[in-house]
Amino acid sequence: MIELKYSLVIEATGEPDYFGFYSPDLEGFTGIGHSIEDCLYKAKWGMIEHINLLKEKGFPVPQPNPNPKIIIQNEQELAAV
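Residues numbered from 1 in each chain as written. Predicted model: local features only at pLDDT ≥ 70, side-chain atom pairs only at ≥ 80, totals over all residues. Heavy atoms only, no water.

Next up on the list: the environment of Glu 3. Along the chain, Glu 3 falls in the segment before strand S1 (8-12). The exposure class assigned to Glu 3 is exposed, which follows from its relative accessible area of 58%. For Glu 3 and Lys 44, which are 41 residues apart along the polypeptide, the C-alpha to C-alpha distance reads 7.3 Å. One polar contact links Glu 3 to Lys 44, side chain to side chain, over a distance of 2.7 Å. (Helix = DSSP H or I, 4+ residues; strand = E, 2+ residues; numbered from the N terminus. Buried < 20%, exposed > 50% of the residue type's maximum accessible area, 1.4 Å probe, protein only. Polar contact = N/O pair within 3.5 Å; in protein donor to acceptor, adjacent residues only side chain to side chain.)

The structure is reproduced here in structure tokens:
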């Protein structure tokens, strides 16, 4: 069972021990980890802290995703504008 309330995208980088993550459901939530497991752990507790901060600042909190997904993919290249 996924213990997260929001979906999570973990992106592998060119470094073998460096991963970035973010939630497409929770605007502004990002982080880094040294393994997929590290990202999952940091995301679980980081989402709680992020939601508490949103509440504290009076910002709206998105509804939890009833079917959260965890996606692991290679880092997406940023397009030049």
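Right, let's talk about the sheet that holds strand S3 (residues 30-33) for a bit. The 4 strands lie next to each other as S3-S2-S1-S4, forming an open sheet whose pairing is mixed. Edge positions in the sheet fall to S3 and strand S4 (70-74), since each of these pairs with one other strand and no more. Here the strands of the sheet are splayed against their neighbours by 20 degrees on average, with no regard to which way each runs. By the bridge criterion, 5 bridges tie S1 to S4 in an arrangement that is parallel. Residue pairing for S4: Leu 8 is matched across the bridge by Ile 70. Sitting on the sheet, helix H1 (residues 36-57) touches S1, strand S2 (19-22), S3 and S4, and the angle it makes with S1 is about 145 degrees. (Pairing = 2+ DSSP bridges. Axes fitted to C-alpha atoms, helices over the stretch in contact; angles between N-to-C directions. Contact = heavy atoms within 4.5 Å.)

Here the focus is the nonpolar core. With 13 residues, the main nonpolar core has Leu 8, Ile 10, Phe 21, Leu 26, Phe 29 and Met 47 as its most contacted residues. The set of elements that each furnish at least two residues to this core consists of S1, S2 and H1. Among the elements that take part in this core, H1 stands out by supplying 5 residues, more than any other. With near-sequence residues (within four places) excluded, Ile 10 lies in contact with Phe 19, Gly 20, Phe 21, Ile 36, Cys 39, Leu 40, Ile 70, Ile 71, Ile 72 and Gln 73. (Core = buried A, V, L, I, M, F, W, Y, C linked by side-chain atoms within 4.5 Å.)

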